[in-house]
Amino acid sequence: MEKAAARKPRTKRGLETQEAILRAAEAVIGAQGYAAASISDITRAAGIAQGTFYIYFDSKEHVFRELVTEMGRLTRKTLSDAVVGAPDRLSAERLGLRAFLEIAATRPTLYNIVEEARFVDPDSYHAYFTSFARGYARNLAAAAREGEIRPGNAEIRAWALMGMAVTLGERFGMTGADSDEVVAEVFDMLERGLKP
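Description of the structure in this document. (Residues numbered from 1 in each chain as written. Predicted model: local features only at pLDDT ≥ 70, side-chain atom pairs only at ≥ 80, totals over all residues. Heavy atoms only, no water.)

## A few points about the overall build of the protein
Phase 1: Within the protein, the regular secondary structure consists of 9 helices and 0 strands.
Phase 2: Its helices and strands in sequence order give the protein the pattern α-α-α-α-α-α-α-α-α, from N to C terminus.
Phase 3: For the protein, the spread of C-alpha atoms along the principal axes amounts to about 60 × 30 × 30 Å.
Phase 4: Within the protein, the proportion of its 196 residues that are buried is 42%.
Phase 5: For the protein, long-range pairs separated by at least 24 residues make up 69% of all intrachain contacts whose partners lie at least 6 apart in sequence.
Phase 6: For the protein, the accessible area works out to roughly 11000 Å², and carbon and sulfur atoms hold 55% of it.
Phase 7: Here the protein holds 26 positive side-chain charges and 27 negative ones, and the gap between their average locations is 4 Å. (Helix = DSSP H or I, 4+ residues; strand = E, 2+ residues; numbered from the N terminus. Buried < 20%, exposed > 50% of the residue type's maximum accessible area, 1.4 Å probe, protein only. Contact = heavy atoms within 4.5 Å. Areas by Shrake-Rupley, 256 points an atom, 1.4 Å probe, with all protein chains shown as cover. Lys, Arg positive; Asp, Glu negative; His and termini not counted. Charge placed at Lys NZ, Arg CZ, Asp CG, Glu CD.)

## Structural notes on the nonpolar core
Phase 1: With 53 residues, the main nonpolar core has Ile29, Ile42, Val63, Phe64 and Leu97 as its most contacted residues.
Phase 2: If we ignore the near neighbours within four places in the chain, the residues touching Ile42 are Ile21, Ala24, Ala25, Val28, Ile29, Phe53 and Val63. (Core = buried A, V, L, I, M, F, W, Y, C linked by side-chain atoms within 4.5 Å.)

## Section: the packing of aromatic side chains
Phase 1: One pass over the full model with this rule turns up 7 aromatic pairs.
Phase 2: Ring centres 5.7 Å apart and planes at 40° place the aromatic pair Phe53 and Phe57 in the tilted group. A single burial state applies to Phe53 and to Phe57, both of which are buried.
Phase 3: Arranged with centres 5.8 Å apart and planes meeting at 80°, the rings of Phe132 and Tyr136 form a pair that is edge-to-face. Separated by 4 residues within a single helix, Phe132 and Tyr136 lie in helix α7 (residues 122–145), roughly one turn from each other.
Phase 4: Positioned above the aromatic ring of Tyr34, the side-chain terminus of Lys60 is 4.2 Å from the ring centre. (Phe/Tyr/Trp six-rings, centres within 6.5 Å; stacked < 30°, edge-to-face > 60°. Lys NZ or Arg CZ within 6 Å of the ring centre and 35° of its normal.)

## Quick word on α7
Phase 1: In this model α7 runs 34 Å from its N-terminal to its C-terminal C-alpha over 24 residues, within 8% of the 34 Å that 1.5 Å per residue would give.
Phase 2: For α7, the complete set of buried residues consists of Ser124, Tyr125, Tyr128, Phe129, Thr130, Ala133, Gly135, Tyr136, Ala137, Leu140, Ala143 and Ala144.
Phase 3: Close packing links the buried residues of α7 with α4 (60–83), α5 (89–106), α6 (108–120) and α8 (154–171).
Phase 4: Within two residues after α7, Gly147 carries a phi angle of roughly 80°, on the positive side. (Expected span 1.5 Å × (residues − 1).)

## Section: the side chain of Thr17
Phase 1: Relative to the assigned elements, Thr17 resides in helix α1 (residues 12–32).
Phase 2: The contacts of Thr17, once residues within four sequence positions are left out, are Ile48, Thr52 and Tyr56.

## Points about the pattern of salt bridges
Phase 1: The tally for this structure, following the rule as stated, stands at 15 salt bridges.
Phase 2: Arg73 serves as the salt-bridge partner of Glu66, at 3.2 Å between the closest nitrogen and oxygen.
Phase 3: On the basis of relative accessibility, which here comes to 18%, the residue Glu66 falls in the buried class.
Phase 4: The salt bridge involving Glu102 is made with Arg98; its shortest N-O contact spans 3.6 Å. In this pair, Glu102 and Arg98 are both assigned in helix α5, 4 residues apart and thus about one turn of the helix distant.
Phase 5: Exposure remark for Arg98: the relative accessible area of 30% places this residue in the partly exposed category.
Phase 6: When salt bridges that share partners are traced, they join Glu19, Arg23, Glu26, Glu70 and Arg107 into one network. (Salt bridge = Lys/Arg side-chain N within 4 Å of Asp/Glu carboxyl O.)

Below, the structure written as structure tokens:
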């Protein structure tokens with residue numbers, strides 16, 4: 001997919017129109033899938049003329065890529081906000097997983113778009129996860145240095161925990177399951193292991 005530079009609207013109305021396009025694209029692509037969704041569907045959902053779409057985005061690929069980037073920003077900010085007062089790494093992990101399940105529950109279409117990016121735009125998908133993993137690994141390594149968790153390979157741990165969270169989000173976050181129960185079970189396993 002060719003990379004188009006994001007256009008920054010200069011007016012309040014422009015920002016509102018761009019936001020309307022993004023929300024419509026999130027709803028349409030998230031519900032129909034990338035291949036089935038059309039720019040006409042998106043502009044109809046946004047309540048704008050089709051030509052207006054092209055003022056803000058070059059193509060369906062461009063708006064799709066922007067949604068993947070937006071999910072990355074949303075996830076990082078939500079998790080950072082959720083763990084800001086955590087007294088230690090395990091508490092931060094617990095709060096972070098709870099916040100991630102909440103994202104999956106409240107923004108399932110955006111969540112679906114990131115998962116579909118694996119096939120539609122592998123570069124965006126890879127960037128989404130590797131960017132998150134780098135910061136996550138740094139935090140885990142710092143916690144190990146402080147003695148909050150056992151030493152180990154922070155990169156492998158980051159990817160393992162991310163993989164678990166993504167799968168839990170698909171199975172439990174988007175189905176309205178009791179997030180507290182899910183988090184409690186996961187942390188019983190993380191803190192105590194699987195040994196009897």
